[in-house]
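Structural description and commentary
This is what each chain is made of:
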Amino acid sequence: MTPTATAPLQTMTAAPTVPPLPMTPTAMPASSPTAASTPTALPPIAATAIPTLVAPVTPTVVAPPTPSPVTAFVSKEFPASLEWVDTARLDTLLPAVYTTPHLSIHYLPGSGAERTVGVFADDAEAAIVHIQTSLGVQLSAREDIYLAYTFFPPPDSGVKGYTLSGDHAILLMYDGSGTRDERQYMVAHELTHQIAHDGIGTAASVMLSEGLAMDMEQRYMLRNGDVSLDGFARAVLDDGSYIPITALSNGNVGFLGQLFYRRPYDEAGSFVHYLIITYGVARFKRVYTTDDYVDTYGATLFDLQSAWEQYLRSARVQSPLAPPGPAYLQDIKAVQAGYADLFNALINGRQVTTDTYRALDDARIAADRADHVTVAAQLPRFEQALQQASL
Ligand SMILES: [Zn+2]
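Not measured: the values here are computed from a predicted model.

**Some points on unusual backbone geometry**
Here His168, not a glycine, exhibits a phi torsion of approximately 50°, which is positive. Mapped onto the secondary structure, His168 falls in the loop between β4 (161–164) and β5 (169–173). Positive phi, close to 65°, is recorded for Asp291, a residue that is not glycine. Position of Asp291 among the secondary structure elements: in the loop between α9 (281–290) and α10 (293–297).

Encoded structure:
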């Protein structure tokens, strides 16, 4: 799903490979605040609670937020569409609050989040400084951040972050996977959506919105050892799977979630990075709300795209890492397919263990770092364990 210009900005949405779902947001009712809830053993939500979406896809097992064997990750605690989330209900579901000068971070007491929330809060505050300094704009109100302890339910299982700009609220999938630097870039991405909304205005295209968020998070991606946005863009340019920026800009290509569909995000991030380092932030802020490239840059988007392609192929690309090897994109795609397999297994009621999930997470981390050796070891381990996962 792609946000409209007027909707709250959002990061990622549907997992395209999960079984077909009714995905039009207009078909979905607002979340029901009725189901009572302890976050651990939850009964399936009644079909009446979220009628149009839950019935065909709801798995029957819900993960406990504990490090013990995990049976499934899809939580029904969160409503069918993140766009319709009821933050008052989240306040109840995630009753503990860690506060910082800018943030109220909500989490589940006793969950893994409790052990890491202090470090995460410091990292999020540092990201705010980075974004505000880089863009010369300010967060205009306190931000609520909700740390969800499992995957979001379909169709948003691939979502790791979601910003409700109008509510000053961010939802993050925060289940203990990934690295500290990844958690920082996730929150930096979402905070960029919020700060840009507050200080620049409504993005004129999703490409510009997502590209800016990717550019702002890149500092932490690189700290994590990931291939740069330029490195990714150059790889897809070289192998022919590149999506023209003009197609990303005109809404013909959706931003469907980084876990499953990386190219739009990384390409947009590289392109926005190029615009900012070449022409400066002030002009970028102008095009951000107008989409008028000719007025802002004296060049069409197509011409700017051509210049960016030349930049990618030239020595001006200063990736701090070696250019990704030939296996890089294949590994990224294989990991994306692994997540599709995981969600399909969960939807079919298979009992997936924490170890199995960790193997996929390790493969994902390695793929982003162009560490083919680790991907080649962990991904088959994951797929084999998934095959053996019992119903
Ligand atoms: Zn985003």
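Now, onward.
**Some details on the environment of Tyr261**
Within the fold, Tyr261 resides in the loop between α7 (245–249) and α8 (263–279). The spacing of Tyr261 and Gly158 is 103 residues in sequence and 9.7 Å in space, taken between C-alpha atoms.

**Section: the sheet that holds β5**
Overall, mixed pairing links the five strands, which are arranged β1-β2-β3-β5-β4 in an open sheet. What marks the edges here is a single partner per strand, and that holds for β1 (96–99) and β4. Between one strand and the next, the sheet's axes are offset by a mean angle of 20°, whatever the strand orientation. Pairing analysis gives four bridges linking β1 to strand β2 (residues 103–107), with the strands arranged antiparallel. Within β2, the residue paired with Tyr98 across the bridge is Ile105. Set on the sheet, helix α4 (residues 180–199) makes contact with β3 (143–148), β4 and β5; between it and β4 the angle comes to about 20°.

Basis of the calculations
- All residue numbers refer to position in the chain's written sequence, counted from 1.
- Totals for whole chains, interfaces and linings use every residue, but because this is a predicted model, local features are given only for residues with pLDDT of at least 70 and side-chain atom pairs only at 80 or more, for both listing and counting.
- Working definition: helices are DSSP H or I runs of at least four residues, strands are E runs of at least two. Numbering for both runs from the N terminus.
- When DSSP finds at least two bridges between two strands, those strands are taken to pair.
- Axes here refer to lines fitted to C-alpha atoms; in helices the fit is confined to the stretch in contact. Angles between the N-to-C directions go from 0 to 180 degrees.
- Here, residues touch in the contact sense if the C-beta positions derived from the backbone fall within 7 Å of one another.

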